[in-house]
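One letter stands for each residue in the lines below.
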Amino acid sequence: MSYSLREVSALLGLSPAQIRSYAAKGFLEPERGKRGELRFGFHDLIILRTAGELSAARIPQRKVRRVLERLRDQLPAGRSLTAVRIAADGERVVVRDGGAMWNPESGQSLFDFAVADLAARTAPLLHRAAEQAQEQDTSAGEWYELGCELELSSLSRAKDAYERALRADPEHPDAHVNLGRVLHEERALAAAERHYRTALKFDPDHPTAAFNLAVVLEDRGRLDEATLAYRHALELDPENADAHYNLAGIYERRGEKQAALRHLKSYKGLVR
């Protein structure tokens with residue numbers, strides 16, 4: 001899903017000149033439409049929204065540019081953007097993503113805002129795009145990308161998009177993972193497990209599929225299988241702090257204190 005210069009201007013209250021300026025400075029990654037016009041993705045909207053809020057907080061443009069340069073590279077991949085919060089506290093600008101917090105660059109003034117309301121404002125455009133996609137020859141990749149963005153406003157529409165992606169390409173591992181996660185949240189655990197396993201069938205080195213499979217196995221009470229799955233997830237991504245934490249919990253329940261402490265120590269080392 002992409003947005004025109006006019007749509008971005010209306011959504012964010014920024015002038016077309018301001019938006020073009022940020023694009024020219026390399027803070028955004030717009031694509032070109034069929035007529036050569038600029039088209040912006042949701043991450044571009046996040047960066048522009050951040051720039052507007054920082055400027056409104058009277059943070060100098062010099063510092064705004066430094067923040068954007070860092071934040072552009074630090075936006076979480078594959079996670080719901082509603083979890084991201086950017087705040088200025090005195091001379092610090094910090095970014096929060098769940099339990100993680102980092103400082104992309106210094107700032108002034110005090111403000112705190114969520115990305116959730118931006119997702120709500122883009123929802124009508126996304127829902128319209130989903131309806132139009134049903135009438136077009138939409139590829140599996142396009143349905144998958146649309147599903148990722150629809151998760152911010154409608155899980156049911158996102159679920160439908162992922163299902164359509166898999167009808168177009170039954171071997172799309174990321175669509176299996178995301179559909180599994182939606183089903184997991186709905187507590188359809190058996191169905192979620194099937195999709196995680198299918199994702200790993202087509203991409204055995206998919207770290208998210210491996211971790212999510214471990215979680216659903218733990219949720220189903222199959223701790224021996226969950227332990228093996230968490231170990232596999234850590235083989236693929238040794239810095240997966242959540243896998244260490246969850247595995248520590250399983251070992252603690254089994255009374256294997258040394259193993260639990262070992263993974264808990266790894267967890268603490270990763271989240272400091």
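How each quantity is defined
Residues numbered from 1 in each chain as written. Predicted model: local features only at pLDDT ≥ 70, side-chain atom pairs only at ≥ 80, totals over all residues. Heavy atoms only, no water. Salt bridge = Lys/Arg side-chain N within 4 Å of Asp/Glu carboxyl O. Helix = DSSP H or I, 4+ residues; strand = E, 2+ residues; numbered from the N terminus. Buried < 20%, exposed > 50% of the residue type's maximum accessible area, 1.4 Å probe, protein only. pLDDT = per-residue confidence, 0-100. Contact = heavy atoms within 4.5 Å. Axes fitted to C-alpha atoms, helices over the stretch in contact; angles between N-to-C directions. Parallel < 35°, antiparallel > 145°, perpendicular 65-115°, else oblique. Left-handed = near helix turned anticlockwise from the far one by under 90°. Nonpolar A, V, L, I, M, F, W, Y, C, P; charged D, E, K, R; others polar. Arc of directions from axis to C-beta. Phe/Tyr/Trp six-rings, centres within 6.5 Å; stacked < 30°, edge-to-face > 60°. Core = buried A, V, L, I, M, F, W, Y, C linked by side-chain atoms within 4.5 Å.

**Concerning the pattern of salt bridges**
So, step 1. Applying the stated criterion to the full structure yields eleven salt bridges.
So, step 2. When the shortest N-O distance is used, the salt bridge between Glu225 and Arg197 registers 3.6 Å. Placement of Glu225 in helix H11 (residues 223–236) and of Arg197 in helix H9 (residues 189–202) is noted, with a sequence separation of 28 residues between them.
So, step 3. For Glu225, a relative accessible area of 34% corresponds to the partly exposed category.
So, step 4. Of the residues examined, Arg197 reaches a relative accessible area of 37% and is grouped as partly exposed.
So, step 5. Across the pair Glu225 and Arg222 runs a salt bridge whose closest N-O atoms are separated by 2.9 Å.

**Thoughts on the confidence of the model for the chain**
So, step 1. This prediction gives the chain a mean pLDDT of 77; 67% of its residues lie at or above 70.
So, step 2. Note that residues 78–84 has pLDDT below 50 and, in this model, 18 contacts with residues that lie over four places away or in other chains.
So, step 3. Counted against residues more than four places away or in other chains, residues 105–112, with its pLDDT under 50, gives 40 contacts.

**Structural notes on the packing of helix H8 (residues 173–185) against helix H10 (residues 207–219)**
So, step 1. Running from amino to carboxyl end, H8 crosses H10 at an angle of 25 degrees, the nearest separation of the two axes being 10 Å. Classified by the interaxial angle, the pair formed by H8 and H10 is roughly parallel. Note on packing geometry: the crossing formed by H8 with H10 is left-handed. When H8 is examined against H10, the residues Val177, Arg181 and His184 are found in contact with a partner set consisting of Thr208, Ala209, Asn212, Val215, Val216 and Asp219.
So, step 2. Residues that form the contact of H8 with H10 fall into these classes: four nonpolar, three polar and two charged.

**Focus on helix H1 (residues 5–12)**
So, step 1. What H1 keeps buried is the set Leu5, Val8, Ser9, Leu11 and Leu12. Seen along its axis, H1 keeps its buried residues to an arc of 165 degrees; they face one direction. Facing away from the buried side of H1 by more than 90 degrees, the exposed set consists of Arg6 and Ala10.
So, step 2. One or two positions beyond H1, positive phi appears at Gly13, with a value near 75 degrees.

**Topic: the packing of aromatic side chains**
So, step 1. In total, this model carries three aromatic pairs according to the counting rule given.
So, step 2. Taking the centre distance of 6.0 Å and the plane angle of 55 degrees together, the rings of Phe211 and Tyr230 count as tilted. Highlighted residues: Phe211 in helix H10 and Tyr230 in helix H11, separated in sequence by 19 residues.
So, step 3. For Phe211, a relative accessible area of 14% puts it in the buried group.

**Quick notes on the packing of helix H6 (residues 140–150) against helix H7 (residues 155–168)**
Two numbers describe a pair of packed helices, the interaxial angle and the distance between the axes.
So, step 1. Axis separation between H6 and H7 bottoms out at 8 Å; the angle between their running directions is 165 degrees. As the angle between them shows, H6 and H7 are arranged roughly antiparallel. Crossing angle aside, the handedness with which H6 passes H7 is left-handed. In this structure, H6 contributes Ala140, Trp143, Tyr144, Gly147, Cys148 and Leu150 to the contact, and H7 contributes Leu155, Arg157, Ala158, Ala161, Tyr162, Arg164, Ala165 and Ala168.
So, step 2. Considering only residue class, the contact of H6 with H7 consists of eleven nonpolar, one polar and two charged.

**A word on unusual backbone geometry**
Comment: phi is negative for the bulk of residues other than glycine, and the bulk of peptide bonds are trans.
So, step 1. Unusually for a residue other than glycine, Arg187 sits at a positive phi of about 65 degrees.
So, step 2. Within the secondary structure, Arg187 sits in the loop between H8 and H9.

**Considering the nonpolar core**
So, step 1. Membership of the largest hydrophobic core comes to 39 residues, with the highest contact counts inside it found for Tyr162, Phe211, Leu213, Val216 and Tyr230.
So, step 2. Going through the elements one at a time, H6, H7, H8, H9, H10, H11, helix H12 (241–254) and helix H13 (257–271) are the ones with two or more residues in this core.
So, step 3. Residue contributions to this core peak at eight residues, all from H10.
So, step 4. Not counting chain neighbours up to four residues away, the residues in contact with Tyr162 comprise Tyr144, Gly147, Cys148, Glu151, Ala175, Asn178, Leu179, Arg181 and Val182.
So, step 5. Among the nonpolar cores identified, the runner-up in size contains 17 residues, and Leu5, Val8, Leu12 and Ala23 belong to it.

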